[in-house]
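Chain by chain, the residues run as shown.
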Amino acid sequence: MAAHAVSPLSGGLLRRGVALHHHRRRLIAVAAVAPEAQAPAPAPAPSQLSPAPPRKGYFPKRGETVELTCEALAFKGKGVCKVAGSTFVLLCDGALPGERLVARVRRLRRGAFAEAAKLKTLVPHDDAVEAPCPLAADCGGCKTQSLAYAAQIRHKHLQVRDLLVNVGKFDSKRMESSEPDAILKPIVPCDEIFRYRNKMEFSFGTKRWMQREWKEKEDEVMKEDTNEVDGYALGLHAPGFFDKVLHVEKCFLQSEPADKVLAVVQETWMDPAPGLTPYDVHKHVGFLKHLMIRTGRNINTGTPEVMVNFVTSCYKPDLLMPLVDNITKIPEVVSVINNVNTSVGNTSVGEQEYTLYGKPSITEMLRGLTFQISANSFFQTNTKQADVLYKLIEDSAGLKGDGSEIVLDLFCGTGTIGLTLARRAKHVYGYEVVPEAIADARKNAKLNGINNATFVQGDLNKINESFGKEFPKPDIIISDPNRPGMHMKLIKWLLEVKAPRIVYVSCNPATCARDLDYLCHGLEEKDLRGCYELKSVIPVDMFPHTPHIECVCLLELH
């Protein structure tokens, strides 16, 4: 294989032996080859621009306006687009498969592909549906709301397949879900495609970001430059901007009780009487920074319970009391928290935390266990689908159930996966870098009466020769890394310890395919010898209308 593996649908360049890192406003690389599915023939439509037919070997220029056809979806939901008659790939945010559009070339990336800004749709995309949220095209949280859900999961499945073949170097024939011995299984859809998030974080801002509008002038399609107006806002950040907020009155991703809270806060906070002001990220003045709303369940009644967390620049509880008084009239609200963050950064985690109303945490049930969730706890944001995901992990782990096996839970977070396995294991050892998460894991173990789980704080990217000496050799390893995947040091250790089974849980199929390649096929230049066989990969859609995909992968020792 070449030094760089480029995937047609990943939107990412994977360097051999180097972790892939993604940046907010910078896409590292993209594929320059055609996707598996053939693009539909574009319907004839008059173009605003009538660009000249491209020559063989077409290469765009920055600032050039072009007519494109979108053929597939890439990493982060960007459309993989091409000019008619050309194989050159242009990534375009907001473009969906089958769509013909006008776009302006913004950036050229290493000569292999380009990025373009969508200006106007000429022919709508395939599988089009009406997005229920009027802000869907602008907030960036639901990039594919206007794409039928069946088409969304089909494209996600194709992305995973493509990455396993092109980056993981696995046999393409065994990636066909219809084959009896197929490694890649059908994608598991989400039963509830709206109202599935148990946590939403909104930001206060001093400038309101307006919806995009298009205008035509002198035969050229242009984007309005003025999208920012005076006026306070509470909502979601405009895509690519840390300082611009799109005002949101309701969000179709969060629970209905959470929407009630948002509506009451919107009605109250702009009233000049209390003197509430949003934080200005440039001038570093103002009071209100973020509003976080979490939804859990009462373990006795099963009814929703809501935590509201105000993140402020200083501690002035009297200023928040009008908000507290109004939102606590909503019966589902059982907790109001104030996190105080005096730093100039944009984080929602405070240096100090105060309980203004009710209890300091809420509860949730997952795989028969009870979990306490504080304002800053990590917890799977789609509870119902997390239950499905964890059942797949349990099935893949294949515990005997006789209490004889050691489970090592890497990147364990608050211990949710390890604790669900502890009932059938001899002992679970969990490792996580975030100290607060480890503290929550220990609390959750105690809350559920689980005594055969040990949680250790440590950085798995910085392990040394002593790692592994403090616990017995594991029979099963669960690895659930964040988006950059596993560090080479950890991969080397896994290949040395040779646990009979590894269950790799991934939120980034690009780095997942890379790591699976190392574990199964090795890496000659790093003197790695792969010793595992990939038995199954199950894609799971945790977040409908977004480009995110989870995968549960089972590896067995040769």
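Residues numbered from 1 in each chain as written. Predicted model: local features only at pLDDT ≥ 70, side-chain atom pairs only at ≥ 80, totals over all residues. Heavy atoms only, no water.

Caption draft 1: Representation of the overall build of the protein. Per the secondary structure count, the protein includes nine helices and 25 strands. Per-residue burial for the protein yields a buried fraction of 54% across its 558 residues. When contacts within the protein are restricted to residue pairs at least 6 apart in sequence, long-range pairs at least 24 apart make up 66% of them. Taken as a whole, the protein presents about 24400 Å² of accessible surface, with 51% of it coming from carbon and sulfur. (Helix = DSSP H or I, 4+ residues; strand = E, 2+ residues; numbered from the N terminus. Buried < 20%, exposed > 50% of the residue type's maximum accessible area, 1.4 Å probe, protein only. Contact = heavy atoms within 4.5 Å. Areas by Shrake-Rupley, 256 points an atom, 1.4 Å probe, with all protein chains shown as cover.)

Caption draft 2: Main features of the sheet that holds strand β4 (residues 79-82). If you walk around this closed barrel you meet the five strands as β3-β4-β5-β7-β6, and the pairing is mixed. For this sheet the average axis-to-axis angle between neighbouring strands, irrespective of direction, equals 50°. Of the strand pairs in this sheet, strand β6 (residues 100-109) and strand β7 (residues 113-123) are connected by nine bridges, and their pairing is antiparallel. Note that in β7 the partner of Ala-103 across the bridge is Lys-118. (Pairing = 2+ DSSP bridges. Axes fitted to C-alpha atoms, helices over the stretch in contact; angles between N-to-C directions.)

Caption draft 3: Looking closely at the pattern of salt bridges. With the rule as written, the count across this model stands at 21 salt bridges. In this structure, the salt-bridge partner of Lys-169 is Asp-517, at a minimum N-O distance of 2.6 Å. Of this pair, Lys-169 sits in the loop between α2 (149-166) and β8 (199-209) while Asp-517 sits in helix α9 (residues 509-521), and the two are 348 residues apart along the sequence. Relative accessible area serves as the criterion here: at 34%, Lys-169 is assigned to the partly exposed category. The class of Asp-517 is buried, set by a relative accessible area of 2%. Ionic pairing is found between Arg-501 and Glu-405, a salt bridge with its closest N-O pair at 3.2 Å. Here Glu-405 lies in the loop between α5 (383-397) and β19 (406-410) and Arg-501 lies in strand β23 (residues 501-506), a separation of 96 residues in the sequence. Taken together, the shared-partner salt bridges in this structure form one network comprising Arg-107, Arg-109 and Glu-115. (Salt bridge = Lys/Arg side-chain N within 4 Å of Asp/Glu carboxyl O.)

Caption draft 4: Inspection of unusual backbone geometry at higher detail. Unusually for a residue other than glycine, Asp-527 sits at a positive phi of about 60°. One can find Asp-527 in the loop between α9 and β24 (532-540).

Caption draft 5: Seen up close, the environment of Arg-62. Secondary-structure assignment places Arg-62 in the loop between β2 (13-15) and β3 (65-73). The class of Arg-62 is exposed, set by a relative accessible area of 71%. A distance of 3.1 Å separates a polar atom in the side chain of Arg-62 from the backbone oxygen of Arg-106. (Polar contact = N/O pair within 3.5 Å; in protein donor to acceptor, adjacent residues only side chain to side chain.)

Caption draft 6: Structural detail: the packing of helix α3 (residues 256-269) against helix α4 (residues 317-327). For the pair α3 and α4, the least separation of the axes is 10 Å and the interaxial angle reads 145°. The crossing of α3 and α4 is right-handed. Contacts from Val-261, Val-264, Val-265, Thr-268 and Trp-269 of α3 reach α4 at Pro-322, Leu-323, Asn-326 and Ile-327. A breakdown of the residues in the contact of α3 with α4 according to their chemical character gives seven nonpolar, two polar and no charged. (Left-handed = near helix turned anticlockwise from the far one by under 90°. Nonpolar A, V, L, I, M, F, W, Y, C, P; charged D, E, K, R; others polar.)

Caption draft 7: Looking closely at the UniProt feature "active site" (unreviewed entry) in the protein. Under the feature "active site" (unreviewed entry), the UniProt entry names Cys-507. Mapping Cys-507 onto the fold places it in the loop between β23 and α9. In contact with Cys-507, not counting residues within four places along its chain, are Pro-481, Asn-482, Arg-483, Ile-549 and Glu-550. (UniProt positions renumbered as here; feature names shortened; annotations may be inferred.)

Caption draft 8: Region of interest: the environment of Ser-255. Relative to the elements of secondary structure, Ser-255 occurs in the loop between β12 (245-247) and α3. Put simply, Ser-255 and Val-306 are 51 residues apart on the chain and 9.5 Å apart in space, counted from C-alpha to C-alpha. Apart from residues no more than four positions distant in its own chain, Ser-255 is found in contact with Arg-195, Arg-197 and Thr-295.

Caption draft 9: Representation of the pairing of β3 within the structure. Most of β3 is tucked away, with nine of its nine residues classed as buried. One ladder, built from five bridges, connects β3 with β6; its direction is antiparallel. Among the inter-strand pairings, Thr-69 is bridged to a residue of β6, identified as Arg-100. The pairing of β3 with β4 spans four bridges and is antiparallel. Looking across to β4, one finds that Leu-73 is bridged to Gly-79. The hairpin turn running from β3 into β4, its antiparallel successor, is five residues long, and Lys-76 in that turn takes a positive phi close to 70°.

Caption draft 10: Structural detail: the packing of aromatic side chains. Following the criterion strictly, the structure yields 13 aromatic pairs and no others. Each ring, one from Phe-59 and one from Phe-88, has its centre 5.3 Å from the other, and the planes form 75°; the classification is edge-to-face. Remark: Phe-88 occurs in the loop between β4 and β5 (89-93) and Phe-59 occurs in the loop between β2 and β3; sequence separation between them is 29 residues. Given the relative accessible area of 42%, Phe-59 is considered partly exposed. (Phe/Tyr/Trp six-rings, centres within 6.5 Å; stacked < 30°, edge-to-face > 60°.)

Caption draft 11: Geometry of the packing of α2 against α9. Where α2 contacts α9, the two axes come as close as 9 Å, and the packing angle between them is 30°. The angle between α2 and α9 places the two elements in the roughly parallel class. Every pair of crossing elements has a handedness; the one defined by α2 and α9 is right-handed. Along the contact surface, α2 presents Val-160, Leu-163 and Leu-164, while α9 presents Pro-509, Ala-510, Ala-513 and Leu-516. Of the residues assigned to the contact of α2 with α9, the class counts are seven nonpolar, no polar and no charged. (Parallel < 35°, antiparallel > 145°, perpendicular 65-115°, else oblique.)

Caption draft 12: Up close: the nonpolar core. Counting residues in each nonpolar core, the largest one holds 79 residues, and the members touching the most others are Phe-202, Val-261, Val-265, Leu-291, Phe-310, Ile-393 and Ile-478. In this structure, this core is formed jointly by two domains, domain 2 (163-193 + 382-557) and domain 3 (199-210 + 230-373), each of which donates at least three residues. In this structure, Leu-291 is in contact with Met-200, Glu-201, Phe-202, Phe-204, Leu-234, Leu-262, Val-265, Val-308, Asn-309 and Phe-310, ignoring residues within four places of it in sequence. Counting residues in each nonpolar core, the second largest holds 47 residues, with Leu-490, Leu-494, Cys-520 and Leu-523 among its members. (Core = buried A, V, L, I, M, F, W, Y, C linked by side-chain atoms within 4.5 Å. Domains from an automatic or database assignment.)

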